[in-house]
Amino acid sequence: GVDPATIQILENGQVMQPTNLGGGGQGGVGPLTTMLVMDVSGSMDKDGKIHEAKSAARAYVDQMRAGDQAGLLVYNTKYDYIQPLTQDRDVLKGAIDGIKTGGDTAMYDALFAAEEILRDVQGRKAIIAVTDGLDNSSSHTSDDIIKGIGPGGLSISTIGLGDPSTQEQRGLDRQ
């Protein structure tokens, strides 16, 4: 909940008196649906990036609250929705642990697919992309992804792995 004394709401220039402000349920916010979108291309095999990606994904699953759910979509040149949305943390971690790498990178295509999967999901929803960002084979563009965020009520957060000062495959493409 929110303490009404901490905010001021104006309507047509008139101060309104807020009462009984709250979030989406117990704890202040409702459940969150997250799609973990993980890069499994060959470049993720360099310098242990795939191990760091798995560690980040497992850490995310460990902090999920009761009622939250997540799914796992991996990609290289094609995407694979390997774990449908679930609240079962052990199932999610098992799917994460089973990830293998190889191939080129079609990150925008995978993000587009994640947006499609989450489109009809009700409530709060987000995409977390774990990648070195070296997209080299998508048919979709960053503009396609941005257009799908607002109407879908989504947010996309990125965990970038690699050294941005390096131009080799072990690097990180910040764009």
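My aim in this report is to walk through the structure given alongside it, one point at a time. Everything numeric in this text was worked out from a predicted model, so none of it was measured.

### Some words on helix H2 (residues 89–97)
- Looking only at H2, the buried set comprises Leu92, Ala95 and Ile96. For H2, the buried positions fall inside an angular range of 100 degrees around the axis, keeping them on one side.
- For H2, the N-terminal capping position is held by aspartate 88, with its side-chain oxygen 3.0 Å away from the main-chain nitrogen of aspartate 90.

### Section: the packing of helix H1 (residues 49–62) against H2
- Contact geometry of H1 with H2 gives a least axis separation of 10 Å together with a crossing angle of 175 degrees. Judged on the interaxial angle alone, H2 and H1 are roughly antiparallel. Between H1 and H2, the contacting residues are Lys54, Ala57, Arg58, Val61 and Asp62 on the first element and Arg89, Leu92, Lys93, Ile96 and Asp97 on the second.
- In terms of residue class, the contact of H1 with H2 is built from four nonpolar, no polar and six charged.

### Digging into the pattern of salt bridges
- Scanning the entire structure with this criterion turns up five salt bridges.
- For lysine 49, the salt bridge goes to aspartate 132, with nearest N and O atoms at 2.8 Å. In this pair, lysine 49 is assigned in helix H1 and aspartate 132 in the loop between strand E6 (124–131) and helix H4 (142–152), connecting sequence segments 83 residues apart. For the pair lysine 49 and aspartate 132, a shared accessibility class is recorded, and that class is buried.

### Points about helix H3 (residues 107–118)
- Across its twelve residues, H3 extends 17 Å between first and last C-alpha, which sits within 8% of the 16 Å expected from 1.5 Å per residue.
- The buried count for H3 comes to nine of twelve residues, which makes it a mostly enclosed element.
- For H3, every residue scored as buried is listed here: Met107, Tyr108, Asp109, Ala110, Leu111, Ala113, Ala114, Glu115 and Leu118.
- Buried-residue contacts for H3 involve strand E3 (32–39), strand E4 (69–75), strand E5 (79–86), E6, H4 and strand E7 (154–160).

Thresholds applied
- Residues numbered from 1 in each chain as written.
- Predicted model: local features only at pLDDT ≥ 70, side-chain atom pairs only at ≥ 80, totals over all residues.
- Heavy atoms only, no water.
- Buried < 20%, exposed > 50% of the residue type's maximum accessible area, 1.4 Å probe, protein only.
- Helix = DSSP H or I, 4+ residues; strand = E, 2+ residues; numbered from the N terminus.
- Arc of directions from axis to C-beta.
- Polar contact = N/O pair within 3.5 Å; in protein donor to acceptor, adjacent residues only side chain to side chain.
- Axes fitted to C-alpha atoms, helices over the stretch in contact; angles between N-to-C directions.
- Parallel < 35°, antiparallel > 145°, perpendicular 65-115°, else oblique.
- Contact = heavy atoms within 4.5 Å.
- Nonpolar A, V, L, I, M, F, W, Y, C, P; charged D, E, K, R; others polar.
- Salt bridge = Lys/Arg side-chain N within 4 Å of Asp/Glu carboxyl O.
- Expected span 1.5 Å × (residues − 1).

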